[in-house]
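Now for the letters of each chain:
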Amino acid sequence: MKTVLADARVEKAIRRLKAMGLNVKVLQLNPNEGFIFVSLESFARLVRKQIKYPNVKVDIESNQLVIYVWRKQR
């Protein structure tokens, strides 16, 4: 019998996450349980790419994704 992480639907989800540019790791606990880990740094990069505003900074602070935007003062 296939493991949960070898299920076609789960494998496809992992492929999609990787195709988005996310750093993905998997851990099989047993045939019926597993974890999919996504690094916060890769998630922050993905979010940054989606924000088209020129003055933006994306950081991770205290387990939160912080998106800072600003407008230059004259």
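Residues numbered from 1 in each chain as written. Predicted model: local features only at pLDDT ≥ 70, side-chain atom pairs only at ≥ 80, totals over all residues. Heavy atoms only, no water.

## Some words on the overall build of the protein chain
Counting its regular elements, the protein chain contains two helices and four strands. Starting at the N terminus, the α and β elements of the protein chain follow one another as α-β-β-α-β-β. Relative to a compact globule of 74 residues, whose C-alpha radius of gyration would be 11 Å, the protein chain shows 17 Å and is clearly more extended. Overall size of the protein chain, expressed as C-alpha extent along the three principal axes, is 65 × 25 × 10 Å. Looking at the protein chain as a whole, 16% of its 74 residues are labelled buried. Element-wise, carbon and sulfur atoms account for 55% of the exposed surface of the protein chain, whose accessible area totals about 6,300 Å². (Helix = DSSP H or I, 4+ residues; strand = E, 2+ residues; numbered from the N terminus. Rg over C-alpha atoms; globule rule 2.2 N^0.38 Å. Buried < 20%, exposed > 50% of the residue type's maximum accessible area, 1.4 Å probe, protein only. Areas by Shrake-Rupley, 256 points an atom, 1.4 Å probe, with all protein chains shown as cover.)

## Considerations on the pattern of salt bridges
Opposite charge on two side chains permits them to pair, given that their charged atoms come into close proximity. Per the stated rule, a full pass over the model turns up two salt bridges. Its salt-bridge partner being D7, residue R9 comes within 2.9 Å of it at the nearest N-O pair. Note on D7: relative accessible area 21%, which makes it partly exposed. D59 is paired through a salt bridge with K57; the nearest N and O atoms lie 3.6 Å apart. Judged by relative accessible area, which is 28%, D59 ranks as partly exposed. For K57, a relative accessible area of 46% puts it in the partly exposed group. (Salt bridge = Lys/Arg side-chain N within 4 Å of Asp/Glu carboxyl O.)

## With respect to the pairing of strand β3 (residues 56-61)
Pairing between β3 and strand β4 (residues 64-69): six bridges, direction antiparallel. Residue pairing for β4: K57 is matched across the bridge by Y68. (Pairing = 2+ DSSP bridges.)

## Thoughts on the pairing of strand β2 (residues 33-38)
By the bridge criterion, six bridges tie strand β1 (residues 24-30) to β2 in an arrangement that is antiparallel. In the strand pairing of β2, V24 is matched with V38. Here β1 folds back onto β2 in antiparallel fashion, the turn holding two residues.

## Section: unusual backbone geometry
Even without being a glycine, S62 presents a positive backbone phi close to 50°. By the element assignment, S62 lies in the loop between β3 and β4. Its relative accessible area of 70% is what places S62 among the exposed residues. Its identity is not glycine, yet N63 carries a phi of approximately 60°, on the positive side. Here N63 lies in the loop between β3 and β4. Relative accessible area serves as the criterion here: at 73%, N63 is assigned to the exposed category.

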